[in-house]
Amino acid sequence: MQNTSQDNIIDNSSCFMIKFPYVVTVNNVQITINSSSDYQLVQYNINAFSNDNDIIYIHFPITVVFNDYTQKSIVNQSDFDTLVSGCQSNTNTFGKINCLTINYPIVINMYDSNYQIASSISIMDDLAMFNFISNLAENKFIAISYPITIKDQNGQNVIVTANSQFEDLIKNAVDTCSGNSNTTLDFMQIITANSWNISYYYNSSDRTSNYSGYNFTFNADYTVVAKKSGMTYNGNWSTSLDNGHRRFEIKFDSDTLGKLDENWKVFEFNLTQLRFRSEDSPTENDYLYFEKN
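These figures come from a predicted structure and were not determined experimentally.

Caption draft 1: Seen up close, the nonpolar core. Counting residues in hydrophobic clusters, the biggest one holds 25 residues, and the most contacted among them are Phe216, Phe218, Phe248, Leu260, Phe276 and Phe290. Only helix H6 (187-193), strand E13 (195-202), strand E14 (215-218), strand E15 (223-228), strand E17 (245-252), strand E18 (264-269), strand E19 (273-278) and strand E20 (286-292) provide two or more residues apiece to this core. Beyond its immediate stretch of four places on either side in the chain, Phe276 contacts Phe187, Phe248, Trp264, Lys265, Val266, Phe267, Asp286, Tyr287, Leu288, Tyr289 and Phe290. Listed in part, the 23 residues of the second largest apolar core include Met17, Val24, Ile62 and Cys87.

Have a look at this one:
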């Protein structure tokens, strides 16, 4: 996704960036921002004096670019403040995963199950990658042609040879990169405050449809109740921290619901979504996603 956190020193928001070029005034000094390297000019000016207010004035109109590369024109400070406020209050979506950079080009192999045709495509940059994934049809199966190289949050190039290794890098960035952390959310509070349904379950294949119609309520006493079509199923759940990683377990006696008992780790969560990943298999991961009712 678009790197929208790079200009936070100016716009104080990670859900969009201001499109080049534009002009700001910092401590009565006018600065033209033509590229990301010019952010340092803003920082130099802020650091120049210790007895000033360090207020950054943006010269409008400007164009902002969102995580999904869409753009919007902002004509005045009032519209800008409204946009920033809306972004800060929106905790219901997962944003860009910062601190990882794909070294392009990469090749993705594809298979069209409708026409039984195999092909491949070279992806040249983040925008092309985003558009490719966003427009991927259900009948298209894809596989990254490994090895590829990823620059991690320490600026080190890592040679990636498998999906599981790629996912581990993403998970580590979600957990440890300051641009991704959201310390204001409490997992225990969120999971017990709502009722949930399973929006995605993958175990060797997509098994989401097996759990259609089930509603889950996780109680603070670590009991869980699942209801479907007038039937009630009682179970237990637990969560714990293991070397900084949050684990999650759910247990039912029911044959169908009992299959959800795996070695889950919390991948990411917000106010309306819980995402878990299981690492029981060394070659393939399973996934369990809950969505707020």
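Caption draft 2: Representation of the packing of aromatic side chains within the structure. For the structure on display, the rule yields 26 aromatic pairs. Their ring planes at 85° and their centres at 5.4 Å tell us that Tyr201 and Tyr211 sit as a pair that is edge-to-face. Highlighted residues: Tyr201 in strand E13 and Tyr211 in the loop between E13 and E14, separated in sequence by 10 residues. The exposure class of Tyr201 is buried, given its relative accessible area of 1%. Just above the ring of Phe267 sits the side chain of Lys171; from NZ or CZ to the centre is 5.4 Å. Cation over ring: Arg275 sits above Tyr289, and NZ or CZ is 5.1 Å from the ring centre.

Caption draft 3: Geometry of the sheet that holds strand E7 (residues 101-102). Taken in spatial order, the 3 strands of this open sheet run E7-E11-E12, and their pairing is antiparallel. The strands lining the two open edges of the sheet, one partner per strand, are E7 and strand E12 (157-160). Packing of helix H5 (residues 163-176) onto the sheet brings it into contact with E7, strand E11 (148-151) and E12, and relative to E12 it is tilted by some 145°.

Caption draft 4: Molecular detail of the state of the cysteines. Going through the model one piece at a time under the given rule, you end up with 1 disulfide. Residue pairing for Cys15: its cysteine sulfur links by disulfide to Cys87, the two sulfurs lying 1.9 Å apart. Torsion about the S-S bond of the Cys15 and Cys87 cystine: about 50°, corresponding to right-handed handedness. Separated by 72 residues along the polypeptide, Cys15 in the loop between helix H1 (8-11) and strand E1 (16-18) and Cys87 in helix H3 (residues 77-89) bring together distant segments of the chain.

Caption draft 5: Focus on the side chain of Asn285. You can see Asn285 is positioned in the loop between E19 and E20. A polar side-chain atom of Asn285 sits 2.7 Å from a polar atom in the side chain of Glu167. Ignoring any residue separated from it by four or fewer positions in sequence, one finds Asn285 in contact with Ser164, Glu167, Tyr202, Arg277, Ser278 and Glu279.

Caption draft 6: Local environment of the pattern of salt bridges. If you walk through the whole model with that rule in mind, you get 6 salt bridges. In this structure, Lys251 and Asp261 form a salt bridge, with 3.0 Å as the shortest nitrogen-oxygen distance. One end of the pair, Lys251, is in strand E17; the other, Asp261, is in the loop between helix H7 (255-258) and E18, and 10 residues separate them in sequence. Connected through salt bridges with shared partners, the residues Glu167, Asp168 and Arg277 form a single ionic network.

Caption draft 7: Seen up close, H5. For H5, built from 14 residues, the straight-helix expectation of 20 Å at 1.5 Å per residue is met to within 8% by its first-to-last C-alpha distance of 20 Å. Within the span of H5, buried status applies to Phe166, Glu167, Leu169, Lys171, Ala173 and Val174.

Caption draft 8: Broad picture of unusual backbone geometry. Along the chain, Phe20 connects to Pro21 via a cis peptide bond; the corresponding omega equals -10°. Among the secondary structure elements, Pro21 is positioned in the loop between E1 and strand E2 (22-26). For the bond running from Tyr146 to Pro147, omega is 5°, close enough to zero to count as cis. Within the fold, Pro147 resides in the loop between strand E10 (140-144) and E11. One non-glycine residue, Asn27, lies in the positive phi region at around 50°. When you line up the elements, Asn27 lands in the loop between E2 and strand E3 (29-33). Using a relative accessible area of 21% as the deciding quantity, one classes Asn27 as partly exposed.

Criteria and cut-off values
Along each chain, residues carry numbers from 1 onward, in the same order as the chain's sequence is written. Where local features are concerned, this predicted model is filtered to residues with pLDDT of at least 70; where side-chain atom pairs are given and counted, the filter is 80 or more; whole-chain, interface and lining totals use all residues. Excluded from the side-chain calculation are hydrogens and water; included are all heavy atoms of the structure. To form a nonpolar core, buried Ala, Val, Leu, Ile, Met, Phe, Trp, Tyr and Cys residues must be joined to one another through side-chain atoms within 4.5 Å. The cut-offs for exposure are 20% and 50% of the maximum accessible area for each residue type, with area from a 1.4 Å probe on protein chains only; residues under the lower value are buried, those over the upper are exposed, and the others partly exposed. Numbering goes from the N terminus for both helices and strands, where a helix is a DSSP run of H or I of at least four residues and a strand is a run of E of at least two. Contact definition: two residues touch when any of their heavy atoms are within 4.5 Å. Any Phe, Tyr or Trp ring, taking Trp's six-membered ring, that has another such ring centre within 6.5 Å forms a pair; planes under 30 degrees apart are called stacked, those over 60 apart edge-to-face, and the others tilted. Put simply, a charge is over a ring when the Lys NZ or the Arg CZ is close to the ring centre, within 6 Å, and near the line of the ring normal, within 35 degrees. A pair of strands is considered paired only if DSSP assigns at least 2 bridges between the two. Helix axes are fitted to C-alpha atoms over the stretch in contact, other axes to C-alpha atoms as well, and angles between N-to-C directions run from 0 to 180 degrees. Disulfides are defined as pairs of cysteine sulfur atoms found within 2.5 Å of each other. Pairs of N or O atoms within 3.5 Å make up the polar contacts considered here, provided that, within protein, one atom can donate a hydrogen while the other can accept it, and that residues adjacent in sequence are counted only when both atoms are side-chain atoms. Within this document, salt bridges are pairs made up of a side-chain nitrogen of Lys or Arg and a carboxyl oxygen of Asp or Glu, the two lying within 4 Å of each other. In this analysis, the expected span of each helix is defined as 1.5 Å times one less than the number of residues it contains.

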